[in-house]
Amino acid sequence: MSIDRQDGKHNPYHALEVDEVLRHLEVDRRRGLSAGEVERRRERWGENRLATEVGARPLAMLARQLADLMIIVLIIAAVVAGLIGDTVDAIAILIIVVLNAIVGFIQEYRAERALQALQQLKAPHVQIIREGQHMLVAETELVPGDLVLLETGNVVPADLRVIETAGLTVDQAALTGESLAVVKEAGGRLAPDTPLSERTNLAHKGTHVIGGRACCVVVATGPETELGRIAELMHKRRRPTTPLQKRLARFSRGLSAAVLIICALILVVGLLRGEPLLLMFLTAVSLAVAAIPEALPAVVTIALALGAKRMARQNALIRRLPAVETLGSVTIICCDKTGTLTENTMRAERFHTPVGDMEALPPVEEADAVWRALGRAMTLNNDARIGADAGVQGDPTEMAILEAAAGAGFSRAAFESDWPRTVDIPFDARRRRMTTLHRAAAGGLAVVKGAPESILPLCRDQQAGQGVEPLDRDHVLARAEEMARSGYRVIAFAERTLDALPVRAEADDVERDLTFLGLVALADPPRPRAKEALASCATAGIEVAMITGDHPATAKAVAARLGFAVDDDAVLTGQEFHALSEAERSQTVSNCRIYARVSPEQKFDIVTALQGRGQFVAMTGDGVNDAPALKQADIGVAMGLKGTDVAREAADAVLLDDDFATIVDAVREGRRIYDNIRRFIKYTMTSNSGEIWTILLAPFLGLPLPLLPIQILWINLVTDGLPGLALAGEPAERDVMNRPPRPPRESVFSHGMWQHMLWVGLLIGGLSLGAQFWAYHKGSENWQTVVFTVLTFSQLVHAMAIRSERDSIFIIGWLSNSPLVGAVLLTIGLQLAVVYLDPLQAIFHTSGLSPDELLVSLGLPWIVLVAVEIEKWLFRRGTIYQGS
């Protein structure tokens, strides 16, 4: 039989017997492949390494940063500023453009390193059999049909079919999301559609051998492995555009069109009034330059950078700056269970013996004979190891059992000195139990542990307070089933006293006439703050979907402990989801919040289906199996402590403490940052609106041109500069986590923002023109300086007034944003310098104000504060902006 393909879709090797697999792969199970056959297969399938996607060249990546619409508008504004002689403004704009392009380039370059991390997930060398000889080769040299020898500590180098095994136990949590290690077996056919996590006769590339040994045959290498398919999934599409990028792009398009129309209108009106063509052209162009908020990219970058720094102090490391704001936009979090909502460490939480139940073993000095017997069995029948640092290593289940016994004072060293182990009968999937034999002072002791349904039929009695008594098998089985339904993994312990140790340990001879000792219930416990964090998400209007590779019963039990709504139809398996049509998937993901036995491809598809419903999706996870979905999601959040390099590199953010609750803090920070970006846009566009109204309406009131081009550019520089940047540091609003997420397509101008910009801009323009009318008609030569100063100070008062959308400035406090207070005071000083210092008067065409003119210039702007406070009062009462 020839080998046409090596992938599991066409050749489901888990569905074939061992001999069929070997025949299909044309390999001798004792001698392996010949050197010539190895070369032929390597030429056909290449090396055993993950395919590398050709990434974008650095220059192309940099060009993408400059292709953003807002950046293009700013570049045009810089050119215009240079043409009218405003070199300083032109240089400032170009510096902002370059800095933002560099930041974006660095972030994208780092994000594309995910595949490199995948290629590092490998064991450098592997022991194989070729031409009847044992040899050590680089794992990249493996080909389909190679015989591989695995032992404890190995990383599985390719996808393998198990041929022979001696208790091979594999931790595949990073690939499947399971919290329990899996015992592999050689024999038997499995159904072709058996989920990845249940293919007990296969060992997959990138997983870890934590116990036993085995001889296996390579059935898939490189891109054809399950790990290789994950690498392919990660490059199905580029990262989605963030909500902020979409909103700013729409804002840029609308702003560009509006500015061109308004400036053309001002030019035409001025010419109709007989103003000089050159003056009106310069005025229109200056207003256009001023109306473009060139500080916006800088404010966005600074706000995101400061937010990233704050998040780092809260144990959330941001890898891509836009992710800071995106966290505040998510509508649903798709959360991996193992290691994210749970601790990814097994823990013994319940104990049952014939004399009662406990949540912890009693201390050894207080334990009666029954509990001492159980503690002794947990210690003796255990292959976990206690390291030099007192840490426990080995299979997670055995580690949990040994830690529980040691925590109660049951000393392995003391027990082993009295009952040294002589031999063991390893666990296998057929028997579902493990037995250890120990030498005793008189005879021997056999200690057996395993699944309750495997142990109990072999027991004839049970350990009781007054010695042994008849076993109530039905009662014990019912107790075990009750624990299992609650999501626990249940291990039964029994023992048998032997008159003499057998010469040869055979399971059928030793594992009979046992005395039942007790049950130990183990679970991967929820993280301490997980339930509280889920409740906070609910308050913030964020849905949470739990996605796991574990069994549906385990998923359901953990979900119930965390507070998910759980009913009979609450859990959907990956196979059930895969069988749905696109329309059915779209409907299902809108309701289902618990998914079990989910493969990497299915996680990816779940995220995609949610995005198709208009959701902005955050995906949290720590394993290799999470990487494609992390990259597909609008924001991927990886675990930093126990997460794989693959997951961290694919993610936008990394939780340094692996605590799901940290994401709630990050969401709060993301919402604060978006609020501050909106606050800056509200501030600068209202200021620009005031300038436009002032210049546009003056001719209709019979007033001369209120401002000169240089004065317009000065106002733009000092008011949009430091005060605008200081708004990026505004503290979070009190209700920031008590409101639902922003709808994905919500405009940046929603919730009354465009109305505010219109009427407050008109108010500022009206105050400026009123001051001009007063000064001009009283014959003052300073009338233009009065307009200039009133307009500047009105914008500064407005900056203080809009620090909160709903709370009064008297509630949040005047000094609670000290950088803004400092920026406002500095700007006032600069404006007064322009008005009163002779050298600056010549440049800006100003003149010193008289006391009454200065008083008017300082007093009128406070009307803006009063008006905005009334607006906020009406907003709090629900009178305005409720449907906008």
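As the structure is a prediction and not an experimental result, all values here were calculated from the model.

Peer 1: Got a minute to help me understand the overall build of the protein in this structure?
Peer 2: Secondary structure summary: the protein contains 36 helices and 26 strands in total. Within the protein, the proportion of its 884 residues that are buried is 56%. Counted over contacts in the protein with a minimum sequence separation of 6, partners at least 24 positions apart contribute 72%. Carbon and sulfur atoms make up 58% of the accessible area of the protein, which totals about 35,700 Å².

Peer 1: Would you explain unusual backbone geometry in this entry?
Peer 2: Residues other than glycine predominantly adopt negative phi, and peptide bonds predominantly adopt the trans conformation. The backbone of E131 sits at a positive phi, close to 55 degrees, despite the residue not being glycine. In this structure, E131 sits in the loop between β1 (125-130) and β2 (133-138). Even without glycine at this site, R432 takes up a positive phi of about 60 degrees. Looking at R432, the relative accessible area reads 37%, which means it is partly exposed.

Peer 1: Any chance you could explain the packing of aromatic side chains here in plain terms?
Peer 2: Here the structure, examined in full by the defined rule, presents eight aromatic pairs. Between the aromatic rings of F415 and W419, the centroid separation amounts to 6.1 Å while the plane-to-plane angle is 40 degrees, which identifies the pairing as tilted. Take F415: its relative accessible area is 9%, and that puts it in the buried class. Between the aromatic rings of F577 and Y595, the centroid separation amounts to 6.3 Å while the plane-to-plane angle is 90 degrees, which identifies the pairing as edge-to-face. With F577 in helix α22 (residues 574-578) and Y595 in strand β23 (residues 594-596), this residue pair connects regions lying 18 residues apart in the sequence. Neither residue differs from the other here; F577 and Y595 are each classed as buried.

Peer 1: Just checking my understanding: could you explain the sheet that holds strand β9 (residues 332-336) for this structure?
Peer 2: Paired through backbone hydrogen bonds, the strands of a sheet run either parallel or antiparallel to each other. What the eight strands build is an open sheet, ordered β8-β26-β25-β24-β9-β21-β23-β22; its pairing is mixed. Strands at the two margins of the open sheet, each flanked by one partner only, are β8 (316-318) and β22 (571-573). Geometrically, the sheet is characterised by an average inter-axis angle of 20 degrees between neighbouring strands, direction not taken into account. Note that β9 and strand β24 (residues 617-621) share four bridges and pair parallel. Its bridge partner lying in β24, I332 is registered against V617.

Peer 1: Looking at this structure, I do not really get helix α24 (residues 600-612). What am I missing?
Peer 2: Side chains of residues three or four places apart in an α-helix project in the same direction, reflecting 3.6 residues per turn. End to end, α24 covers 19 Å across 13 residues, agreeing with the expected 18 Å (1.5 Å per residue, within 8%). Regarding α24, the residues found buried are P600, Q602, K603, F604, I606, V607, A609, L610 and Q611. A positive backbone phi angle near 90 degrees is found at G614, which sits one or two residues after α24.

Peer 1: What is the right way to look at the nonpolar core in this model?
Peer 2: Where a protein is soluble and globular, its nonpolar side chains tend to be buried together. Residues L341, M546, F564 and F660 are the most contacted members of the largest nonpolar core, which totals 63 residues. Broken down by element, the residue count for this core peaks at eleven residues, all from helix α27 (residues 661-697). For M546, the residues in contact, after removing those within four places along its chain, are C335, K337, L341, A555, V558, A559, L562, F564, R593, I594 and Y595. Membership of the second largest hydrophobic core comes to 36 residues, among which are L767, I802, A823 and V834.

Peer 1: Would you mind going over helix α30 (residues 753-777) with me for this structure?
Peer 2: End to end, α30 covers 35 Å across 25 residues, agreeing with the expected 36 Å (1.5 Å per residue, within 8%). With its phi angle positive at about 85 degrees, G779 sits one or two positions after the end of α30.

Peer 1: Help me understand the packing of α30 against helix α31 (residues 783-801), please; the structure alone is not making it clear to me.
Peer 2: Each pair of packed helices gets described by two things: the angle between the helix axes and the distance between those axes. Across the interface, α30 lies against α31 with an axial gap of 8 Å and an inter-helix angle of 150 degrees. Overall, the two elements α30 and α31 adopt an arrangement that is roughly antiparallel. Between α30 and α31 the crossing geometry is right-handed. Counting all contacts with α30, which are made through H756, V760, I764, L767, S768, A771, Q772, A775 and Y776, the residues of α31 involved are W783, V786, V787, V790, L791, S794 and H798. Across the contact of α30 with α31, the residue classes break down as eleven nonpolar, five polar and no charged.

Peer 1: Whenever I open this one, the pattern of salt bridges confuses me. Can you help?
Peer 2: Side chains that differ in sign of charge can pair as their charged atoms come close. Taken as a whole and judged by the stated rule, the model has 43 salt bridges. Its salt-bridge partner being E37, residue R40 comes within 2.5 Å of it at the nearest N-O pair. Of this pair, R40 and E37 both sit in helix α2 (residues 35-45), three residues apart, roughly one helical turn. When its relative accessible area of 40% is taken as the criterion, R40 is described as partly exposed. The shortest N-O distance in the salt bridge between R460 and D461 comes to 3.7 Å.

Peer 1: Quick question: what am I supposed to make of a positive patch on the surface here?
Peer 2: A contiguous patch of positive charge on the surface is contributed by K246, R250, R253 and R745. Its place among the elements puts R253 in helix α9 (residues 243-272). For R253, a relative accessible area of 47% puts it in the partly exposed group.

Peer 1: Looking at this structure, how should I read the pairing of strand β16 (residues 444-450)?
Peer 2: Remark: a regular strand shows side chains that alternate across the two faces of the sheet. Buried residues dominate β16, accounting for seven of its seven residues. Burial of β16 is two-sided: the residues G444, A446, V448 and G450 facing one way and the residues L445, V447 and K449 facing the other way are all buried. Two strands pair when backbone bridges link them, and strand β15 (residues 433-439) and β16 are joined in this way by seven bridges, in the antiparallel orientation. Note on β16: the bridge partner recorded for M434 is K449. Joining the antiparallel neighbours β15 and β16 is a turn of four residues, in which G443 adopts a positive phi near 90 degrees.

Peer 1: Looking at this structure, I do not really get the pairing of strand β20 (residues 514-523). What am I missing?
Peer 2: Buried residues dominate β20, accounting for ten of its ten residues. Direction of pairing for strand β10 (residues 347-353) relative to β20: antiparallel, over a ladder of five bridges. Paired with R347 across the strands is A523, a residue of β20. Note: strand β17 (residues 459-464) against β20, three bridges, orientation parallel. Residue pairing across strands places Q462 opposite F516, the latter belonging to β20.

Peer 1: Sorry if this is basic, but what is going on with the side chain of S808 here?
Peer 2: Looking at where S808 falls in the secondary structure, it is placed in the loop between α31 and α32 (809-812). Among the residues examined, S808 registers a relative accessible area of 10% and is labelled buried. Of the polar contacts made by the side chain of S808, one reaches the side chain of E869; its length is 2.7 Å.

Peer 1: Honestly, the environment of R431 in this entry has me stumped. Any pointers?
Peer 2: Within the secondary structure, R431 is located in the loop between β14 (421-425) and β15. Classification of R431 by relative accessible area gives buried; the value is 5%. With 20 residues separating them in the primary sequence, R431 and A451 have C-alpha atoms 9.1 Å apart. For R431, the residues in contact, after removing those within four places along its chain, are I425, P426, S454, A507 and E511. At 2.5 Å, the side chain of R431 and the side chain of E511 are in polar contact.

Peer 1: Looking at this structure, how should I read the state of the cysteines?
Peer 2: Disulfides are covalent bonds that connect the sulfur atoms of two cysteines. Tallied over the entire structure, the rule returns zero disulfides. For C216, which is in no disulfide, the shortest distance to another cysteine sulfur is to C215 and amounts to 6.5 Å. When its relative accessible area of 0% is taken as the criterion, C216 is described as buried.

Peer 1: When you look at the environment of I673 in this model, what are you seeing that I'm missing?
Peer 2: Inspection of the secondary structure assignment puts I673 in helix α27. Among the residues examined, I673 registers a relative accessible area of 0% and is labelled buried. When the C-alpha atoms of I673 and A303 are compared, they prove to be 6.3 Å apart, with 370 residues separating the residues in sequence. With near-sequence residues (within four places) excluded, I673 lies in contact with A303, L304, G307 and V324.

Definitions and limits used
Residues numbered from 1 in each chain as written. Predicted model: local features only at pLDDT ≥ 70, side-chain atom pairs only at ≥ 80, totals over all residues. Heavy atoms only, no water. Helix = DSSP H or I, 4+ residues; strand = E, 2+ residues; numbered from the N terminus. Buried < 20%, exposed > 50% of the residue type's maximum accessible area, 1.4 Å probe, protein only. Contact = heavy atoms within 4.5 Å. Areas by Shrake-Rupley, 256 points an atom, 1.4 Å probe, with all protein chains shown as cover. Phe/Tyr/Trp six-rings, centres within 6.5 Å; stacked < 30°, edge-to-face > 60°. Pairing = 2+ DSSP bridges. Axes fitted to C-alpha atoms, helices over the stretch in contact; angles between N-to-C directions. Expected span 1.5 Å × (residues − 1). Core = buried A, V, L, I, M, F, W, Y, C linked by side-chain atoms within 4.5 Å. Parallel < 35°, antiparallel > 145°, perpendicular 65-115°, else oblique. Left-handed = near helix turned anticlockwise from the far one by under 90°. Nonpolar A, V, L, I, M, F, W, Y, C, P; charged D, E, K, R; others polar. Salt bridge = Lys/Arg side-chain N within 4 Å of Asp/Glu carboxyl O. Patch = residues over 30% accessible without salt bridge, like charges linked within 9 Å, V, L, I, M, F, W, Y side chains within 5 Å. Lys, Arg positive; Asp, Glu negative; His and termini not counted. Charge placed at Lys NZ, Arg CZ, Asp CG, Glu CD. Polar contact = N/O pair within 3.5 Å; in protein donor to acceptor, adjacent residues only side chain to side chain. Disulfide = S-S within 2.5 Å.

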